[in-house]
Amino acid sequence: MTFVNPLLLAGAGLVVIPLVLHLVMRRRPRLVEFPALRFVRLRHETNQRQLRLRHLLLLLLRMLAIVLAALALARPSLRLSAGPIGSQRAPVAAALVFDTSPRMEYRHENRTRLEAAQELALWLLAQLPPESQVAVLDSRRGPAAFQVDLGAARHRIERLETTADAQPIPHVLAEAARLLAGSELARKEMYVFTDLARAAWPIDAAGRLQERLNEAPDAGLYLIDVGVAQPANLALGELRLSGQIVSSRSTLRIETELISIGMGDKHTVELYVLEPDPAAKVPGARRPEKRGEQTVSLTPGQSRSLEFRVSNLNQGTHQGYVQILGQDGLGADDRRYFTVEVKPAWRILIAAPKPENTYAVFLREALAPESFRRSGLARFACDVAPLDDLPQKDLAPYAAVCLLDPKPLEPLVWQKLADYVAEGHGLAVWLGRNAEPVKTFNEPPAQDVLAGKLLRQARSPEGKLTLAPENLEHPALVAFRGLAGGVPWSRHPVYRYWQLDALAEGAHVIAPFNDAGPAIVERPLGRGRAITVTTPVSDDPNRDPWNLLPIGEAWPFVILANEMMAYLVGSGSEELNYRAGQTVALELPADRIAPSYLLTGPDGTQARIAPDVKQHRLMITSTELPGNYRVQAGGPEEGVDRGFSVNLAPEQTRLERWSDQELAQFFGTYPFRLARSKEQIELNVHTGRVGRELFGVLILAVAAVLGLEHVLANRFYKKG
Amino acid sequence: MSTVEKYLKPEVIRQIKRLDLRAQFIVKGFLHGLHASPFHGFSVEFSEHRKYTPGDDPKDIDWLIYAKTDKYYVKKYEAETNITGYLAMDISRSMGYTHRQDMTKFDYTICLAAALCYLMISQQDPVGLLVFDEKIRKSLPPKSRRGQLATVLSVLANLKPTGKTDVAASLTQIAAMLRHASLVMIFSDLLAEPEPIVQALHRLRHRGHDVILFHVLDEAEARFPFEGMVELEEPESGERLTLDADNFRHDYLAEIEAFREMYRRECFQAGIDYVPLDTSMQFDKALAGYLAGRKARY
């Protein structure tokens, strides 16, 4: 608490006056003759006590009135945060923190939120005392520093723009607190220009923020809300592609959702794919071609799923975008970009005991059905070979190898398979009745590949044992996610399977049986993966089969086999779609690495990038701008023409706001003030600097005490 | 209000200096208010006949005369009692108290006693006077002749309420002094320990006397009209107490009511007529109290 006229506090000494009057100059009561005194005497004691109490009460009230009056005249003010005392014009160490996430592009009353923040900040800057130190921080990552002078700060504020890779405000604010803690100026202030969006203030950052704020305990914290209370916006959710690398002529499926905040009515979403523009003068130029359109009705607050399908994509890199037709408050979330690569069908080698074609029939039909093979639509090109041919077989052209019900193999063959997997390929082993003697499978060369030691053949002739995938997060099972509980595994019982003793190091169960025993086990080896399935899919159903997985309406088996194989060939391993700010890593063919690559950004800017020759990769870090990027080298014919897409993280454009009360949890006990207009800022900053003047409150209290004293005195000392 | 009835009011009577007139006015005023003559029907014997006039009680019509003469005559009676009445007056200092400075309890008592004296003498009852404070200070033997009123009044007029009081002792003394069963009318404020007084009253009653207790308080004593801080002084003992009157009024009134109630209860048990009065009350209440008691007995 501070005082404008501390000397006047001495006036509180006058409090002795009523005390002296009370003790010395007691008013004599009227003397009245009264014969019936005996009736008075009986109750006099109680009355006397009350009288003394009233006297005391009146005395206290009078003393209180004097003390309050003295206090009021000294003009005290209460500072909510402990801070230095002094003139309002003393220089300030101020940190101006701006939320520059894409959300701040939200347009309201013909101004973006960032423009509103800039306007308020420039006004605020003009209010700061000269000689003040000002730091301007925004949502970009990086160290903070004070600007040279107020002019530089002004220039910095004027040049602020949104960034796609915005970090949460508490992180920036913590950085500001750290900066201010190092300032020598006594008065420290933090101004945060924010739209109070939940996305900008993640709740898990609150603890760290409070720790950092407490490093600068005397800094005033002002939140300046430039957000819109009731935003109206349409947003597209993240795009979910059926695959980023798809085989030629397969259909690309794109799923997303349209989310409405405060907007209803019908809205149209379009899908565009960039196609080569033969009319363009620049070689390699592309133009968007509409490949789909959907119109959906939405009520405010609703979200609707959308699905687009694109077929007949040629081999090569394809880019495109999904966009909302029309304009809304925030344009940044109206368009989402995607990149897919279309490759020829993956070659799969299916090795089985003789007669190999009989053994392989179920798997081959599941991976590449006859009709698809004929029409060229199959994702996989399956070669079937007898197990005995494996030693001589060149495995390099194959993306994955499948062993169906293998017999004991030569150690050299196991070694060959292990090397093949370690190079980055896939191997799937379906164990069956031929895995005898067990010993040969439990020895080192085989155990280098298999998921664990084989224990015994387990039987469940009642047909109660089935596959029971639990965690559908694994890429090989993710296709079942929408069907969880609806997959009729019980119609495809497993009668026999190989029990594994202990899983090999690094191996983990992808899907168990319903008795919790391992059914499908993955084991990473080097750059590749080996999957062991403990029951075969190659038994003739007429010959006492180990299971009925491929029998009847076997669509679960078909999906499982396809997804497992797609996983093994690495169709989902290379990332082509990134979030803004992420580092992009593009795999390059080891045999054809160019000395440099030309990166073309969404805005047409081009840059030369050198590849990482050792890792066969191209690393690209400048990915702040959302859109489709292209990487080219070596000319249109023989050269490389790839690409990737960068999108905003969905939370960067979520407009849901924290309420003022909820916001308080970020600061714990640390005092902060919230303002929405210049007037509120002025008032809050004044109150924060000088404190809250208590004069009015005290004078009111004096009046109240005096009034009470008057009423009581009148009541007590009525003239007779 | 008729001109006669106004004399029942103490503030009016106060303006009349002569005590005999005061007594006369009070009694006449009182009688005027009654519908029937109070003297008929008790302790009287036939004296003469007179013609019936409307307003006379039909039960007094002498039907023998009517049978003989065919005219209505009513029987007239004449007092023949010898109820000896004693006016026992408290003249302690507290009786001289008045808050409004117009009529002290003692003045009020004298007016009342004078009226009763007048009333009784006009009935030819012998009336005596006993004046006491700590003991009996003065006494007049009971007589029923006209001159007795003047004697009583002259004694009353010269009394001054001074000194301390001992009602109980005085009453005991009175009980010992009166040989024949009499009607003892006590006028006092009873501001003393109640227990001995009640015992003395019992003793008096036990001796066969009829007792009417006129408990006279000052208006201020009955209503406690003070406001604010006051210091109260007892005139007899000089004791003082300071208190806040507004706050205390409720308690005081409760005390005084309890005090009166206690006397009312004790007197009822002893067969004594208890008439609580204060100086603001009209005299007819006191006289009616007396007459009611008298009628009940004879």
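Quick note: structure is the one above.
All values derive from a computational prediction rather than experimental measurement.

What counts and what doesn't
Residues numbered from 1 in each chain as written. Chains lettered and ligands numbered in written order. Predicted model: local features only at pLDDT ≥ 70, side-chain atom pairs only at ≥ 80, totals over all residues. Heavy atoms only, no water. Core = buried A, V, L, I, M, F, W, Y, C linked by side-chain atoms within 4.5 Å. Buried < 20%, exposed > 50% of the residue type's maximum accessible area, 1.4 Å probe, protein only. Contact = heavy atoms within 4.5 Å. Pairing = 2+ DSSP bridges. Helix = DSSP H or I, 4+ residues; strand = E, 2+ residues; numbered from the N terminus. Axes fitted to C-alpha atoms, helices over the stretch in contact; angles between N-to-C directions. Patch = residues over 30% accessible without salt bridge, like charges linked within 9 Å, V, L, I, M, F, W, Y side chains within 5 Å. Areas by Shrake-Rupley, 256 points an atom, 1.4 Å probe, with all protein chains shown as cover. Salt bridge = Lys/Arg side-chain N within 4 Å of Asp/Glu carboxyl O. Parallel < 35°, antiparallel > 145°, perpendicular 65-115°, else oblique. Nonpolar A, V, L, I, M, F, W, Y, C, P; charged D, E, K, R; others polar. 1 Å grid on protein atoms, 1.4 Å probe; cavity = no way out; pocket = protein on both sides within 12 Å on 5 of 7 lines; lining within 4 Å. Points joined across faces, edges and corners; volume = space filled by probe spheres on them. Expected span 1.5 Å × (residues − 1).

Things to note about the nonpolar core
It is characteristic of soluble globular proteins that their nonpolar side chains tend to be buried jointly. Counting residues in each nonpolar core, the largest one holds 70 residues, and the members touching the most others are Ile-348, Leu-363, Phe-380, Trp-430, Ile-520, Met-565 and Phe-644 of chain A. With residues near it in sequence (within four places) discarded, Trp-430 of chain A still touches Leu-363, Cys-402, Leu-403, Leu-404, Asp-405, Pro-406, Val-533, Thr-535, Pro-536, Val-537, Met-564 and Met-565 of chain A. Residues Tyr-97, Val-167, Ala-220 and Ile-256 of chain B belong to the second largest nonpolar core, which totals 49 residues.

Brief notes about the sheet that holds strand β4 (residues 127–132) of chain B
Residue and element names in this part refer to chain B. The mixed open sheet is built from 6 strands, whose spatial order is β5-β4-β3-β6-β7-β10. Here the strands that pair on one side only, and so sit at the sheet edges, are β5 (136–143) and β10 (273–278). On average, each strand axis in the sheet is inclined to that of its neighbour by 15°, with strand direction left out of account. Bridging between β4 and β5 involves 5 bridges; their strand directions are antiparallel. Residue pairing for β5: Phe-132 is matched across the bridge by Ile-136. Here helix α9 (residues 245–270) sits on the sheet and contacts β7 (210–217) and β10; the angle it forms with β10, its principal contact strand, is near 155°.

Digging into a nonpolar patch on the surface
Residues Leu-14, Val-16, Ile-17, Leu-19, Val-20, Leu-21, Leu-23 and Val-24 of chain A make up a contiguous nonpolar surface patch of about 710 Å² in total accessible area. A residue is classified by how much of its surface remains accessible, and Leu-21 of chain A, at 39% relative accessible area, is partly exposed.

Observations concerning the environment of Pro-202 of chain A
All names here are of chain A. Its location among the elements puts Pro-202 in the loop between β8 (187–194) and α6 (206–213). Along the chain, Pro-202 and Pro-168 lie 34 residues apart, while their C-alpha atoms are 6.9 Å from each other. If near-sequence neighbours (up to four positions away) are discounted, Pro-202 is found in contact with Pro-168, Pro-170 and Phe-666.

A look at the packing of helix α6 (residues 167–177) of chain B against helix α7 (residues 194–206) of chain B
Residues and elements named next belong to chain B. Here α6 crosses α7 at 10°, and the two axes come no closer than 8 Å. By the angle between their axes, α6 is roughly parallel relative to α7. Between α6 and α7, the contacting residues are Val-167, Ala-168, Leu-171, Thr-172, Ile-174 and Ala-175 on the first element and Pro-196, Ile-197, Ala-200, Leu-201, Arg-203 and Leu-204 on the second. The class makeup of the residues in the contact of α6 with α7 is 10 nonpolar, 1 polar and 1 charged.

Some thoughts on the layout of surface pockets
All names here are of chain A. Approximately 1,700 Å³ is the volume found for the second largest pocket. Every residue lining the second largest pocket is counted, 47 residues in all, and those nearest its centre are Leu-241, Ser-242, Gly-243, Gln-244 and Arg-253. Only β11 (240–241), β12 (245–247), β13 (252–261), β18 (335–343), α7 (356–367), α12 (555–568) and β28 (577–579) provide two or more residues apiece to the lining of the second largest pocket. Tallying contributions element by element places α12 first for the lining of the second largest pocket, with 5 residues. Here the residues of the lining of the second largest pocket sort into 18 nonpolar, 15 polar and 14 charged.

Comments concerning helix α3 (residues 113–127) of chain A
Residues and elements named next belong to chain A. An ideal rise of 1.5 Å per residue puts 21 Å on 15 residues; α3 measures up with 21 Å between its terminal C-alpha atoms. In terms of residue burial, α3 counts as a mostly covered element, since 11 of its 15 residues are buried. All of the buried residues in α3 are Arg-113, Leu-114, Ala-116, Ala-117, Gln-118, Leu-120, Ala-121, Leu-122, Trp-123, Leu-124 and Leu-125.

A word on the pattern of salt bridges
Using the criterion set out here, one finds 40 salt bridges over all chains in the structure. Between Arg-264 of chain B and Glu-257 of chain B there is a salt bridge, and its shortest N-O distance comes to 4.0 Å. Judged by its relative accessible area of 33%, Arg-264 of chain B is partly exposed. Residue classification places Glu-257 of chain B among the partly exposed residues on the basis of a relative accessible area of 40%. Salt bridges sharing common partners tie together Asp-138, Arg-140, Arg-156 and Glu-624 of chain A.

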